[in-house]
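Observations on chain architecture
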Amino acid sequence: MAFTGVRTDELNKVGSGEIIGDVGVVSSYTTFEAGIKGGLFAKYNTTSKGLELVDGSATPTIAGVVKRDVTGAIEDAGAYTAANANSVDVIEAGIVTVDVVPGLTINKFDPVYVYNNTDVATTEWGKATNHATDLASDGTTAVDNIAVDGYFYKQIDTDVWSVRIK
């Protein structure tokens, strides 16, 4: 018997910070900066051995994409804090959903970069982009974003894409 009334157009619209499929590399961190959010890239602090927000710092080491807090609602974009989490999971390899910088034209197989415009403090830090550089606030100076060994795979929703991280 076939199911009727199933909305297959909504089945693929998961939020960011989800791993797609059974194959992936996920690490857990008990040391993390408050404010880390699922669906964004996080950087690794070699001194504290923990996670930090991408913040425009020069040459950060990208740990991966923060996994959504499974104890929260799917639509909840809340941040991790010491009060609500003992650890944070980061997807280092596999197919994962990420937030992307709004307004971009992205194609399948475009390379992935982490938005890290060092010139301007921004709410876009840690989101995925397909631009190797972006203009600084003066409109002329190119600012490097952080290259990730991966590519865009499929648009999931507005400003959410699945990416394959190698």
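Look a little higher up for the structure.
Here's what I pulled together on the structure shown here. If you're wondering where the values come from, they're calculated on a predicted model, not measured in any experiment.

As a further point, take the overall build of the chain. Check the secondary structure of the chain and you find one helix and 13 strands. When burial is assessed residue by residue, the chain has 39% of its 166 residues classed as buried. Partitioning the intrachain contacts of the chain with sequence separation of at least 6 by distance along the chain shows that 62% fall at a separation of at least 24. About 9,200 Å² of surface is accessible on the chain, with carbon and sulfur atoms providing 51% of the total.

Phe41, Val98 and Phe152 are the most contacted members of the largest nonpolar core, which has 20 residues in total. Mapped onto this core, the elements with two or more residues apiece are strand S7 (88–99), strand S8 (111–114), strand S12 (146–157) and strand S13 (160–165). With sequence-adjacent residues up to four places away left out, Val98 is seen in contact with Ser16, Gly39, Phe41, Val65, Ala128, Asp159, Val160, Trp161 and Val163. By size, the runner-up hydrophobic cluster in this structure holds eleven residues, among which are Ile36, Leu51, Ala63 and Val90.

With four bridges connecting them, strand S3 (residues 41–45) and strand S4 (residues 50–53) associate as antiparallel partners. Following the sheet pairing, Ala42 is matched in S4 by Leu53. Counted along the chain from S3 to the antiparallel partner S4, the turn is four residues long, and its residue Lys49 has a positive phi close to 60°.

The next subject is the side chain of Asp99. Tracing the chain through its elements places Asp99 in strand S7. Buried and without a salt bridge, Asp99 has Lys127 as its closest oppositely charged side chain, separated by 5.6 Å. Once residues lying within four places of it in the same chain are set aside, the contact partners of Asp99 are Ser16, Gly38, Gly39, Leu40, Lys127, Ala128, Asp159 and Val160.

What follows is about the pattern of salt bridges. Under the definition given, this model contains four salt bridges. Linking Glu18 and Arg68 is a salt bridge whose minimum nitrogen-to-oxygen distance equals 2.4 Å. Taken together, the positions of Glu18 in the loop between helix H1 (8–11) and strand S1 (19–29) and Arg68 in the loop between strand S5 (61–66) and strand S6 (79–80) put the pair 50 residues apart, joining distant regions of the chain. Overall, Arg68 belongs to the buried group, its relative accessible area being 14%. Linking Glu52 and Lys43 is a salt bridge whose minimum nitrogen-to-oxygen distance equals 3.5 Å. Linked through salt bridges whose partners overlap, the residues forming this network are Lys43, Glu52 and Asp55.

It is worth spelling out the environment of Val26 at this point. Within the secondary structure, Val26 sits in strand S1. Using a relative accessible area of 39% as the deciding quantity, one classes Val26 as partly exposed. Sequence separation between Val26 and Gly64 is 38 residues, and the spatial gap between their C-alpha atoms is 8.9 Å. Filtering out sequence-adjacent residues up to four positions away, Val26 remains in contact with Ile19, Asp89, Val90 and Ile91.

Reading the values: rules and limits
Residues numbered from 1 in each chain as written. Predicted model: local features only at pLDDT ≥ 70, side-chain atom pairs only at ≥ 80, totals over all residues. Heavy atoms only, no water. Helix = DSSP H or I, 4+ residues; strand = E, 2+ residues; numbered from the N terminus. Buried < 20%, exposed > 50% of the residue type's maximum accessible area, 1.4 Å probe, protein only. Contact = heavy atoms within 4.5 Å. Areas by Shrake-Rupley, 256 points an atom, 1.4 Å probe, with all protein chains shown as cover. Core = buried A, V, L, I, M, F, W, Y, C linked by side-chain atoms within 4.5 Å. Pairing = 2+ DSSP bridges. Lys, Arg positive; Asp, Glu negative; His and termini not counted. Salt bridge = Lys/Arg side-chain N within 4 Å of Asp/Glu carboxyl O.

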